[in-house]
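Residues per chain are reported as follows:
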Amino acid sequence: MRRSTRLLAVLIAAAVSLPSTAQAQSASSQAPPAPPARFVVVLDAAHGGSDPGARIGGLPEKTITLALSVRLRSLLSARGISVVTTRESDVTLSSERRAEIANHADAQACLSLHASMTGSGVHLFVSSLAPAQPVRFEPWNAAQAAWVLRSMALEGALNSALRHAGLTVTLGRTLLPIIDNISCPAVAVEVAPDDESGRASTQAAAASLDDPGYQARVAQALAAALVEWRSEGASQGEDIGADQP
Amino acid sequence: MIPRYQTVLFVILLVASVVMGAVLWQLRNRDRQRLLEVENSLPTQAPEAAPEQQATLYVANDADGSVAAEVFSLPLPQNPNERARAILGKLLDLYAAPGSTHPVPGGDASIAHVFLLPAADGNPAATPSGATPSTENRAPSGPELAVVDLTRSFAANHPSGLETETLTILSICATLHANLPRITQVRFLVDGQPCATLAGHADLTRTYLTGETASTAAADR
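Residues numbered from 1 in each chain as written. Chains lettered and ligands numbered in written order. Predicted model: local features only at pLDDT ≥ 70, side-chain atom pairs only at ≥ 80, totals over all residues.

Novice: Quick question: what am I supposed to make of the overall build of chain B here?
Specialist: Scanning chain B from terminus to terminus reveals 5 helices and 6 strands. For chain B, the α and β elements follow one another from N to C terminus as α-β-β-α-β-β-α-α-β-β-α. Here chain B, with 221 residues, has 35% of them falling under the buried criterion. (Helix = DSSP H or I, 4+ residues; strand = E, 2+ residues; numbered from the N terminus. Buried ≥ 20, exposed ≤ 12 C-beta atoms within 10 Å, placed from the backbone.)

Following this line, the structure appears as structure tokens:
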């Protein structure tokens, strides 16, 4: 009788302690903060290999975009941002392959880097596809449609940082194959000669695009914008790129 | 010894041959002259018999990346295809002129053809490359697709860059829609063939919606 009473008491004690143990386990599982989502940026240096792009002074566009991509990659890596580049050397890549790389990177931002002799400052372009609701299987030609609004937000962050750096910025919408095929916030960045040199002469305009000082200014502003973009996502408590918009 | 009648016959035949040769030479010269006169009388420029009308052209500006409406008076044919071609010719003439705000060489000769077709329904922005719109069950008064056939030299000489190429396409689409409101979609060909990009950037495989480009042009202003 005594033994059975003790056994019953032990069982009751165990039953009472179970929920608290579960709670404790749940609390202990919540205790360590979840590791922050990996923040990845894709940099696409436009053109390359057999596709030289625009002729800027004596230089092909592909050389300027690659130099800017390398410079920006270094700045982002130094700030703890993971960077995936579509090319690291003078190789030919189709726009489909570039979009594949960007989509496989599961990135929170993608910048397609271009250079041009036309206009001045920096031109930012977002896809002109009409915004659409996300679907499970997105059509390749309109994959960006579900991300257009997020891309415009990213464009806004880039615009602020570039203007803060004293650069002239022009905003626009365009249909660019690589951007339209990407399923993450994506902006095409076209670097044109800075204001002063652009007004002086064609040679001065071309020289400014190849000027390391001007490239560094643009790259630092873009890096600052992407750091801001990362912190915006963190403050909103959401993964700004990995989830559907 | 040659008989006399044979000598006479030989001389007659010789004279006849010379006369016939001279007549043939004369006929040849006369026909040649007539052909040259026909060639010279062909017009080297289309007659501008059409009355002058006002047309709104959306003119691009590289300096600020804008597209602004400007009104011009120009002779416009009644035929919609020729009308669209004349308007775009004027727009490209502006771009080819010295001091242009959006310098693009080529001018009016850069437009090979413009032809209008009944427009397809649905979302044409997602129309895959090479797809042609259905022309069945379409009322002739419905929305139209303008096919703009550019010359290869225009594409080859167009400045390369995202902004400049986008502005060219935007201004063409907005200009067509402003003057021929039934044009709701625009497709581009180069020398009659589909082309991936205009000069390395702007996508030419898509169908452009004039409503969207017009609103973008208005926003640019």
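Novice: Mind showing me how you'd approach the interface of chain A and chain B here?
Specialist: The extent of an interface is frequently quoted as the accessible surface area lost upon association of the parts. Chain A puts 24 residues into the contact, and the matching count from chain B is 21 residues. Considering each element in turn, the side of chain A that touches chain B owes the most residues, 4 residues, to strand β7 (residues 169–174) of chain A. The class makeup of the residues in the side of chain A that touches chain B is 11 nonpolar, 11 polar and 2 charged. (Contact = placed C-beta atoms within 7 Å. Nonpolar A, V, L, I, M, F, W, Y, C, P; charged D, E, K, R; others polar.)

Novice: Looking at this model, I keep getting lost on helix α3 (residues 95–104) of chain A. Mind explaining?
Specialist: Residue and element names in this part refer to chain A. All buried positions along α3 are accounted for by S95, R98, A99, I101 and A102. Down the axis of α3, the buried side of the element spans an arc of 155°, and every buried residue falls inside it. Of the residues in α3, the exposed ones pointing more than 90 degrees away from the buried face are E96 and H104. Buried residues in α3 make contact with β1 (40–45), β4 (82–85), β5 (109–115) and α5 (177–180). (Arc of directions from axis to C-beta.)

Novice: Explain the pairing of strand β6 (residues 122–127) of chain A to me, please; I cannot follow it from the model alone.
Specialist: Along any regular strand, the residues point their side chains to alternate faces of the sheet. Residue and element names in this part refer to chain A. Of all 6 residues making up β6, 6 are buried, and the element is well covered by its neighbours. Relative to β7, β6 runs parallel, the two sharing 6 bridges. Across the sheet, the residue bridging to V126 is R173, located in β7. For the crossover from β6 across helix α4 (residues 148–164) to β7, the handedness is right-handed. Direction of pairing for β6 relative to strand β8 (residues 186–191): antiparallel, over a ladder of 4 bridges. Within β8, the position partnered with H123 by the bridge is E190. (Pairing = 2+ DSSP bridges. Right-handed = clockwise from strand over helix to strand, strands pointing away.)

Novice: Please clarify how the environment of V83(A) should be interpreted in this entry.
Specialist: Among the structural elements, V83(A) can be located in strand β4. For V83(A), the residues in contact, after removing those within four places along its chain, are V41(A), L43(A), R73(A), L76(A) and S77(A).

Novice: Is there a simple way to explain the confidence of the model for chain A in this structure?
Specialist: Close reading of the predicted structure is inappropriate where its pLDDT is low. Residues and elements named next belong to chain A. Looking at chain A, the pLDDT average stands at 83 and 78% of residues meet or exceed 70. Low pLDDT, under 50, characterises residues 18–29; the predicted model gives this stretch 0 contacts beyond four residues in sequence or across chains. Low pLDDT (under 50) marks residues 238–244, which in the prediction has 17 contacts with non-local residues, meaning those over four places away or in another chain. (pLDDT = per-residue confidence, 0-100.)

Novice: Before we go on, may I ask you to explain the nonpolar core in this structure?
Specialist: Taken as a class, soluble globular proteins show a tendency for nonpolar side chains to be buried jointly. One finds V187(A), L222(A) and V148(B) to be the most contacted residues of the largest nonpolar core, which totals 106 residues. If we ignore the near neighbours within four places in the chain, the residues touching V187(A) are L111(A), L124(A), F125(A), V126(A), S151(A), L154(A), E155(A) and L158(A). (Core = buried A, V, L, I, M, F, W, Y, C linked by C-beta atoms within 7 Å.)

Novice: In this structure, what is going on with the environment of P80(B)? I would like to understand it.
Specialist: All names here are of chain B. Its place among the elements puts P80 in helix α2 (residues 80–96). As for P80 and V114, which are separated by 34 residues in sequence, their C-alpha atoms are 9.3 Å apart. If sequence neighbours within four positions are ignored, P80 has contacts with L116 and L180.

Novice: Would you mind showing me how to read the sheet that holds strand β4 (residues 144–150) of chain B here?
Specialist: The strands that make up a sheet are held in pairs by hydrogen bonds between backbone atoms, and each pair lies either parallel or antiparallel. All names here are of chain B. Pairing within the open sheet is mixed, and its 4 strands lie in the order β3-β4-β5-β6. Each end of this open sheet is capped by a strand with a single partner; those strands are β3 (111–118) and β6 (208–209). Direction of pairing for strand β5 (residues 183–190) relative to β6: antiparallel, over a ladder of 2 bridges. Following the sheet pairing, Q185 is matched in β6 by L209. Each of β3 and β4 is contacted by α2, which is oriented at about 135° to β3, the strand it contacts most. Strands in contact with helix α4 (residues 162–179) are β4, β5 and β6; relative to β5, the strand with the most contacts, it is inclined by about 135°. (Axes fitted to C-alpha atoms, helices over the stretch in contact; angles between N-to-C directions.)

Novice: Got a minute to help me understand the packing of α2(B) against α4(B) in this structure?
Specialist: For any two helices packed against each other, one specifies the crossing angle of their axes together with the interaxial distance. Residues and elements named next belong to chain B. Axis separation between α2 and α4 bottoms out at 10 Å; the angle between their running directions is 135°. Taken together, α2 and α4 sit at an angle that is classed as oblique. The handedness of the crossing between α2 and α4 is right-handed. Residue-level contacts link A84, I87, L88 and L91 of α2 to S171, I172, T175, L176 and N179 of α4. (Parallel < 35°, antiparallel > 145°, perpendicular 65-115°, else oblique. Left-handed = near helix turned anticlockwise from the far one by under 90°.)

Novice: What exactly am I supposed to notice about unusual backbone geometry here?
Specialist: Only a minority of non-glycine residues have a phi that is not negative, and only a minority of peptide bonds are not trans. Residues and elements named next belong to chain A. At H47, a residue that is not glycine, the phi angle is positive and equals roughly 65°. Here H47 is to be found in the loop between β1 and β2 (55–56). Positive phi outside glycine occurs at D106, with the angle close to 50°. Topologically, D106 is positioned in the loop between α3 and β5. Residue D106 is classed as partly exposed on the basis of its 16 C-beta neighbours within 10 Å.

Novice: Sorry if this is basic, but what is going on with α4(A) here?
Specialist: Owing to its 3.6 residues per turn, the α-helix brings residues three or four apart onto one side. Residue and element names in this part refer to chain A. The end-to-end C-alpha distance of α4 is 24 Å, a good match for the 24 Å that 17 residues give at a rise of 1.5 Å each. Buried within α4 we find V148, R150, S151, L154, E155, A157, L158, A161 and L162. Down the axis of α4, the smallest arc covering the buried residues is 170°, so these residues share one side. One or two positions beyond α4, positive phi appears at G166, with a value near 80°. (Expected span 1.5 Å × (residues − 1).)

Novice: It is not clear to me how the sheet that holds β4(A) should be interpreted in this structure. Could you clarify?
Specialist: The strand order across the open sheet built from 6 strands is β4-β1-β5-β8-β6-β7 (chain A), with neighbouring strands paired in mixed fashion. Both edges of this open sheet fall to β4 and β7 of chain A, since each of them pairs with a single strand only. Between one strand axis and the next, the sheet turns by 25° as a mean value, whatever way the strands run. Lying over the sheet, α4(B) contacts β5, β6, β7 and β8 of chain A, oriented at roughly 55° with respect to β7(A).

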